[in-house]
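# Tertiary structure, described
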Amino acid sequence: MAASRGRCGGGRQNGWVTSWDAPVGTGPVSASVRLPGSKSMTARALVLSALAGGESRVVRPLRANDTMRMAAGLTALGARVDTTDDEVWTVTPGRLRGPATIDVGQAGTVMRFGTPLAALAEGTVTVDGDPQARRRPLRPIVDTLRALGVDLDASGTGGLPLTVRGTGHVEGGEAVIDASGSSQFVSGLLLVAPRFEKGLVLRHEGPPVPSAPHLRMTTHMVRAAGGVVDESVPDVWAVEPGELRGREWVIEPDLSGAAPFFAAALVTGGSVTLRGFPAESWQPVERLAELVGQLGGAVVSGSEGLTVRGTGSLHGIDADLSEVGELTPVLAALAALADSPSRLRGVAHIRSHETDRVAALATELGKAGAGVTEHHDGLDITPGPLRAVAWATYDDHRMAHAAAVLGLAVEGISLDDVGCTAKTLPEFPELWADVVNARS
């Protein structure tokens, strides 16, 4: 691994940029990998635990930039989050109060979950983050909280930095939101809604809400904590007021984080098993299996975990990724290596992630020699002779994952910064090397 050191922004754990040469695959991989817990589940478990009536344990959480910022934000508001044990975090609720500051870094999850939490605090709470976070959309949550009577000031774009002047309670009631930009707009409100005096009836009006599996995860977890949620009417969520219970949350391995490792099986014609993945999951396993099948591989669930097997052949796909937008960068890299063109669509919302992922993928894959046509909501990708390239990650962990996958088949893919993977998986370079070099 080639490394160069230089200061960077973007909320690195160690504050440094690290360049990296993606290793080339030399044969079918045969690997078994254990990954940390799901970022999405860890964040939701932390919020629900901080709002519960008693202590909770979060088992096998993800320890990464985003989740540590969530824990720090909850601590700033008055909860006690003990993260000294990597395997089990303990959350003890406390009275939410200001003055406090929530520093979200780049984390959209912390920004969109932390702002409704701040509305429940008594006192002034400031929410801010890195420059990238200030550009990410938040207005739908801000407007909804204002409609519910919360006193807050936001930036001119309706986002960060913002200041919430809480009274210790939110009356709740009925509200309308346009959540077409992110399912996190709905999730952030549903997680705290049991603590609203009248609960919440939230109605979405606008284009379809993306990432529906994440919304289902939210409602499942609210119910698991004792909340009552009715989602029987499409685009309407009714949450009753009531006390949440402290409990033990066992966090599943992160399916989105496993995507590049599964891709290694498809590219090399090998096999990769995600150890410890449950037989029944709140994550979109069925959709992953469909996509892997269309690409030319197979997904098998067994006693050891979830296994993806490749054949050595990759086929182009025409896929609506609106439910699994986080997979787009890895799927785009696979499309560039396929034997026929692909169309990836339904992902306009990923333009407002850590970077504009649609534009960034079009730029970097084009530099590498693929034929790419950029659309508002996705990409058309035509495989072509690919070449070595200096790949820009845009301070985005998913862009780094895409480059690693491409580098399996294309010698000379050099990332400007693999350190951005610390956002969700600090040990990514080491785990990736182990998988690439694993043989049966």
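Above: the structure in question.
To start, this report covers the structure provided alongside it. Residue positions are given per chain, counted from 1 along the sequence in the order it is written. Per-residue local features of the predicted model are confined to residues with pLDDT of at least 70, and side-chain atom pairs are confined, for both listing and counting, to 80 or more; whole-chain, interface and lining totals are unaffected and use all residues. Hydrogen atoms and water are omitted, and side-chain values are computed over all heavy atoms in the structure.

Here the focus is the sheet that holds strand S4 (residues 30-33). Across the sheet, which stays open at both edges, the 4 strands sit in the order S4-S17-S19-S18 with mixed pairing between neighbours. Two strands lie at the open edges of the sheet, namely S4 and strand S18 (298-302), each paired on one side alone. Each strand of the sheet is rotated relative to its neighbour by a mean of 15 degrees, with strand direction disregarded. Only when DSSP finds a minimum of two bridges between them are two strands counted as paired. Runs of E in the DSSP output that reach at least two residues are strands. Runs of H or I that reach at least four are helices, and both are numbered from the N terminus. Here S18 pairs with strand S19 (residues 305-309) via 5 bridges, running antiparallel. Residue pairing across strands places Gly302 opposite Gly305, the latter belonging to S19. An axis is simply a line fitted to the C-alpha atoms; with a helix, the fit covers only the stretch in contact. Between two such axes, the angle follows the N-to-C directions and lies from 0 to 180 degrees.

Here we take up the layout of surface pockets. Put simply, the grid is 1 Å and covers the protein atoms alone, a cavity is a trapped set of points that fit a 1.4 Å probe, a pocket is an open set with protein on both sides within 12 Å along at least five of seven lines, and lining residues have an atom within 4 Å of a point. Grid points are joined across faces, edges and corners, and a volume is the space filled by probe spheres set on the points. Taken as a whole, the largest pocket holds about 300 Å³ of empty space. If you trace the largest pocket, you find 16 residues lining it, with Leu35, Pro36, Gly37, Pro61 and Glu87 closest to the centre. Residue polarity follows a fixed list, in which Ala, Val, Leu, Ile, Met, Phe, Trp, Tyr, Cys and Pro are nonpolar, Asp, Glu, Lys and Arg are charged, and the others, Gly among them, are polar. Grouping the constituent residues of the lining of the largest pocket by class yields 7 nonpolar, 2 polar and 7 charged.

Scanning the model with the defined rule gives 4 cavities of 30 Å³ or more in all. A volume near 450 Å³ is recorded for the largest cavity. As for the largest cavity, its lining consists of 33 residues, of which Ser40, Gln184, Ser211, His214 and Glu326 are closest to the centre. Among the elements of the structure, helix H1 (39-50), helix H3 (108-119), helix H7 (212-224), helix H8 (255-268) and helix H12 (397-407) are those that each provide at least two residues to the lining of the largest cavity.

A word on the pattern of salt bridges. Any Lys or Arg side-chain nitrogen located within 4 Å of an Asp or Glu carboxyl oxygen qualifies as a salt bridge. Enumeration over the complete set of coordinates arrives at 22 salt bridges. In this structure, the salt-bridge partner of Arg69 is Asp103, at a minimum N-O distance of 3.3 Å. Taken together, the residues span a long stretch of sequence, with Arg69 in helix H2 (residues 65-77) and Asp103 in strand S8 (residues 100-103) at a distance of 34 residues. Put simply, Lys39, Asp66, Glu326, Glu354, Arg357, Asp396, Arg398 and Lys423 are held in one network by salt bridges that share partners.

When two helices pack together, their arrangement is given by the angle between the helix axes and by the axis-to-axis distance. At a minimum axis separation of 9 Å, helix H6 (residues 184-192) and H7 run at an interaxial angle of 5 degrees. On the basis of their axis angle, the class for H6 and H7 is roughly parallel. Touching Val186, Ser187, Leu190 and Leu191 of H6 are His214, Leu215, Thr218, Thr219 and Val222, all from H7. Of the residues assigned to the contact of H6 with H7, the class counts are 5 nonpolar, 4 polar and no charged. Any angle that is under 35 degrees is reported as roughly parallel, and any over 145 degrees as roughly antiparallel; angles of 65 to 115 degrees are reported as roughly perpendicular and all others as oblique. By the convention used here, residues are in contact when the closest approach between their heavy atoms is within 4.5 Å.

Hydrogen bonding along the main chain pairs the strands of a sheet, whether they run parallel or antiparallel. An order of S12-S13-S15-S14 is seen for the 4 strands of this open sheet, with the pairing classed as mixed. For this open sheet the edge positions go to strand S12 (173-177) and strand S14 (229-230), each flanked by a neighbour on one side alone. Across 4 bridges, the pairing between strand S13 (residues 200-204) and strand S15 (residues 236-239) is antiparallel. Residue pairing for S15: Arg203 is matched across the bridge by Val236. Relative to S12, helix H5 (residues 139-147) is tilted by about 150 degrees, and along the sheet it contacts S12 and S13.

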